[in-house]
Amino acid sequence: MPTTCTRCEGTGFINLHQIPDVDIVAAEESSDFHQAILDWIAKNTDHDVSVCDCCGDGDEWYGVPGEHYNNEDPSGPNGPYAYNGGLCECH
Ligand SMILES: [Zn+2]
């Protein structure tokens, strides 16, 4: 069962509220919401929006953005959360 990431509230991003509503709507209407937000982050500088570090590293997602899978995650010392002792930061 996937669980919603509590750190980013299932969005895959931190500080998503800083993005203007009009740009959020545009991202939601695009074919790839997460890519649209990544593009927004790349194009805009005056903000603290970032990829949720539980969900991805900015280059790739660890799984479905905003979700964690109990049976895959955390995956211990060899997993993406090894830097945090094998625990994703929202647990
Ligand atoms: Zn997250």
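Look up a bit, the structure's there.
Let me begin by describing the structure that accompanies this report. (Residues numbered from 1 in each chain as written. Predicted model: local features only at pLDDT ≥ 70, side-chain atom pairs only at ≥ 80, totals over all residues. Heavy atoms only, no water.)

Regarding the overall build of the chain
Okay, step 1: The secondary structure content of the chain amounts to two helices and four strands.
Okay, step 2: Moving toward the C terminus, one meets the helices and strands of the chain in the order β-β-α-α-β-β.
Okay, step 3: Relative to its full complement of 91 residues, the chain shows a buried share of 32%.
Okay, step 4: A separation of at least 24 residues holds for 52% of the contacts in the chain among residues at least 6 apart in sequence.
Okay, step 5: Carbon and sulfur atoms make up 47% of the accessible area of the chain, which amounts to about 5700 Å² in all. (Helix = DSSP H or I, 4+ residues; strand = E, 2+ residues; numbered from the N terminus. Buried < 20%, exposed > 50% of the residue type's maximum accessible area, 1.4 Å probe, protein only. Contact = heavy atoms within 4.5 Å. Areas by Shrake-Rupley, 256 points an atom, 1.4 Å probe, with all protein chains shown as cover.)

Some words on the packing of aromatic side chains
Working definition: an aromatic ring pair is given by the centre-to-centre distance plus the angle between the planes.
Okay, step 1: According to the stated counting rule, one finds one aromatic pair in the structure shown.
Okay, step 2: Between Phe 13 and Trp 61, the ring centres sit 5.4 Å apart and the planes meet at 85 degrees, which makes this aromatic pair edge-to-face. Of this pair, Phe 13 sits in strand S2 (residues 13–14) while Trp 61 is found in the loop between strand S3 (50–51) and strand S4 (67–69), placing the two residues 48 residues apart along the sequence.
Okay, step 3: Residue classification places Phe 13 among the buried positions, given a relative accessible area of 2%.
Okay, step 4: For Trp 61, a relative accessible area of 24% translates into the label partly exposed. (Phe/Tyr/Trp six-rings, centres within 6.5 Å; stacked < 30°, edge-to-face > 60°.)

Overview of the coordination of the zinc ion
Okay, step 1: Protein-derived coordination of the zinc ion comes from Cys 5 (SG), Cys 8 (SG), Cys 52 (SG) and Cys 55 (SG), at a distance range of 2.2 to 2.4 Å.
Okay, step 2: What the four donor atoms of the zinc ion show is an angle range of 101 to 118 degrees at the metal, which sorts the shape as tetrahedral.
Okay, step 3: Of note, the donors binding the zinc ion are all from one chain and are spaced C-x2-C-x43-C-x2-C.
Okay, step 4: Looking at Cys 5, the relative accessible area reads 0%, which means it is buried. (Donors = N, O, S within 2.8 Å, 3.2 Å for Na, K, Ca; no water. Tetrahedral: all angles 85-135°; square planar, octahedral: opposite > 155°, others 65-115°.)

Points about the pattern of salt bridges
Okay, step 1: Throughout the structure, instances matching the rule amount to one salt bridge.
Okay, step 2: Note that Asp 53 and Arg 7 form a salt bridge whose closest N and O atoms lie 2.7 Å from each other. Taken together, the residues Asp 53 in the loop between S3 and S4 and Arg 7 in the loop between strand S1 (2–4) and S2 connect sequence positions 46 residues apart. (Salt bridge = Lys/Arg side-chain N within 4 Å of Asp/Glu carboxyl O.)

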